[in-house]
Amino acid sequence: MTATALVLTACSGGSDGEGGGGGSDDPIVIGISLPLTGDFSEPGKGVQRGYEAWAQFVNEDGGLLGRQVELKILDDQSNADRVVQDYEALIAQDEVDLVFGPFSTRLVVPSARVAQEYGMLFVEPAGAAAEVFEQGFDNLFYAAPAVADDHYNYLADHILAMPEGERPQTVAVAAMDDPFAQGTAYGLRDKLADAGLDVVVDEVYPPNTTDFSSIAAKISDSGADMVIGGTQYQDAVNLIVALQQLDYQPTLAAFSTAPTNPEFAAAIGSKTEGILSPTGYTETASWPSNVEFVERYTELHGNPPGEDEANAYTTGQVVAAAVEAVGCAEQGECQQELVDWLRSNEVETVVGPLTWDETGKPQGAHLIQQYVDGEIQIVLPEDAQEAEFVFPKPAW
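What you see is a predicted model, and the numbers here were worked out from it, not measured in a lab.

1. Observations concerning the nonpolar core
If you look at soluble globular proteins, the nonpolar side chains tend to sit buried side by side. Grouped together as the largest cluster of nonpolar side chains are 102 residues, with contacts concentrated most on Trp54, Ile219 and Phe255. No other element matches the eight residues that helix 10 (residues 307–326) contributes to this core. Among the nonpolar cores identified, the runner-up in size contains 24 residues, and Leu155, Val171, Leu276 and Val379 belong to it.

Now the structure itself:
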């Protein structure tokens, strides 16, 4: 039996009999709100695919606690007010047994607040900005190796290890007005600036920006050796195309999230060589559950999973590990038991073993990927390399 996904465009008006709290033969119902439309719809749909793959594979393998899993997914339309309404409805009205988090820090913080209010375990796949872990949540766990500020640590270390006369000297930064996008970009920016590199452009743009001509012109006019994009997906594509049109040629170019998307290369005209991006996931990782995940996901979809799919799948693995260990999956006292178990245990996942501090922050680091010979490959750290780090970046 495969998982049932109810993709709704409005919140449910009340319990429809499909919520949790039933007998031992009833499905375990998991409530989720995702940005399936709006600014974050592209990665939101990737998270949906990851959640649905996890549920399908769990059910094929016998379910959780011997019960089938059912996903109830609502569309929050990339809207923070809507995501609050969705989780209120899922928990209080539909009485789901468990919840999984949405995509984007902008949506994670308000939805985690709802989950905290109802005492629900809240594992999330895509809220990595520092502010997520500064709210005092004691029920939240981020299902990835590292938080946004630390995503580029390996790249910063590599740049600063270069001889001073050979490494980039000037940096241009453009970041979406979004906590995650800014966190990834500013974590790298600040480490480089503290080491003496000169930040010559530092622009912030609204999430719905489509015209990047003026920002691209500022970056191009600056002649910065390196460009850092604090980006999601479409904004990165539009910014890179605008930079290409001006024939701006940096020696290093790093963009968060977007380059790991399978559509990225086609979207920018396949001029990808040398572009860098942090990633918490690679399909080639040898973690046992990842080998199986990639095989089954590829058979299901005809292509391997990306990072969004993997982080969603990891969310399912983390919750499942707690459920199986504690032996329960329902609202009430069970939720605190699940939280307590995760606080003191390591979970094996497709992104590697995960542990968390008291704020829900994972205790790991992201890999650095780069397009080398037309393929995105791990280049840092050296002990995980699939290809040699390319510097300077070839012309695009």
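Additional details are given in the paragraphs that follow.
2. A short note on helix 11 (residues 333–343)
Inspection of helix 11 places Cys334, Gln335, Leu338, Val339 and Leu342 among the buried residues, and these make up the whole buried set. All buried residues of helix 11 project into a common sector of 140° when viewed along the axis, lining one side. Those residues of helix 11 hidden inside the fold are in contact with strand 4 (98–99), strand 5 (122–124), strand 6 (140–142), helix 10 and strand 12 (347–349).

3. Focus on the packing of helix 9 (residues 288–301) against helix 10
At a closest axis distance of 12 Å, the pairing of helix 9 and helix 10 adopts a crossing angle of 120°. Put simply, helix 9 runs oblique to helix 10. As for how helix 9 packs across helix 10, the hand of that crossing is right-handed. Contact residues: Ser289, Phe293 and Tyr297 in helix 9; Glu309, Ala310, Tyr313 and Gln317 in helix 10. When grouped by side-chain class, the residues that make up the contact of helix 9 with helix 10 number four nonpolar, two polar and one charged.

4. With respect to the UniProt feature "domain: Leucine-binding protein" (unreviewed entry) in the protein
Those places that UniProt annotates as "domain: Leucine-binding protein" (unreviewed entry) correspond, in this numbering, to residues 27–372. Helix makes up 41% of residues 27–372 and strand 18%, whereas the separation of the span's terminal C-alpha atoms amounts to 46 Å.

5. Side note on the side chain of Asp357
Examined against the element boundaries, Asp357 turns out to sit in the loop between strand 13 (352–354) and strand 14 (367–372). Although Asp357 is buried, it forms no salt bridge, and the closest oppositely charged side chain is Lys361 at an N-O distance of 4.9 Å. At a separation of 3.0 Å, a polar atom in the side chain of Asp357 contacts the main-chain amide nitrogen of Lys361. Those residues in contact with Asp357 that lie beyond four places of it in its chain are Arg343 and Gln363.

6. Some details on the packing of aromatic side chains
Following the criterion strictly, the structure yields twelve aromatic pairs and no others. Taken together, a centroid distance of 5.1 Å and an interplanar angle of 40° make the contact between Tyr51 and Phe100 tilted. Pair noted here: Tyr51 is in helix 1 (residues 41–60) and Phe100 is in the loop between strand 4 and helix 3 (105–117), with a separation of 49 residues, a long-range link. Each residue in the set Phe57, Tyr281, Phe293, Tyr297 and Tyr313 is aromatic and connected to the rest through ring pairs, giving one cluster. Directly above the aromatic system of Tyr186 lies the positively charged group of Arg189, at a separation of 3.9 Å from the ring centroid.

7. So, the pairing of strand 15 (residues 375–380)
Pairing between strand 14 and strand 15: five bridges, direction antiparallel. Bridge pairing in strand 15 links Tyr371 to Ile376. From the end of strand 14 to the start of strand 15, which pair antiparallel, there are two residues, and Asp373 there has a positive phi angle of about 55°.

8. A few points about the environment of Ala224
Mapped onto the elements, Ala224 comes out in the loop between helix 6 (213–222) and strand 9 (226–230). Considered as a pair, Ala224 and Val294 are 70 residues apart in the sequence and their alpha carbons are 39 Å apart. Beyond its immediate stretch of four places on either side in the chain, Ala224 contacts Thr170, Val171, Ala172, Val200, Ile219, Tyr248 and Pro250.

9. Overview of the state of the cysteines
Inspection of every chain in the model, using the stated rule, returns one disulfide. Bridging Cys328 to Cys334, the disulfide has an S-S length of 2.0 Å. Across the S-S bond linking Cys328 and Cys334, the dihedral sits near 95°, which makes this disulfide right-handed. The pair Cys328 / Cys334 is uniform in exposure class, with both members buried.

The rules behind the values
Residues numbered from 1 in each chain as written. Predicted model: local features only at pLDDT ≥ 70, side-chain atom pairs only at ≥ 80, totals over all residues. Heavy atoms only, no water. Core = buried A, V, L, I, M, F, W, Y, C linked by side-chain atoms within 4.5 Å. Buried < 20%, exposed > 50% of the residue type's maximum accessible area, 1.4 Å probe, protein only. Helix = DSSP H or I, 4+ residues; strand = E, 2+ residues; numbered from the N terminus. Arc of directions from axis to C-beta. Contact = heavy atoms within 4.5 Å. Axes fitted to C-alpha atoms, helices over the stretch in contact; angles between N-to-C directions. Parallel < 35°, antiparallel > 145°, perpendicular 65-115°, else oblique. Left-handed = near helix turned anticlockwise from the far one by under 90°. Nonpolar A, V, L, I, M, F, W, Y, C, P; charged D, E, K, R; others polar. UniProt positions renumbered as here; feature names shortened; annotations may be inferred. Lys, Arg positive; Asp, Glu negative; His and termini not counted. Salt bridge = Lys/Arg side-chain N within 4 Å of Asp/Glu carboxyl O. Polar contact = N/O pair within 3.5 Å; in protein donor to acceptor, adjacent residues only side chain to side chain. Phe/Tyr/Trp six-rings, centres within 6.5 Å; stacked < 30°, edge-to-face > 60°. Lys NZ or Arg CZ within 6 Å of the ring centre and 35° of its normal. Pairing = 2+ DSSP bridges. Disulfide = S-S within 2.5 Å.

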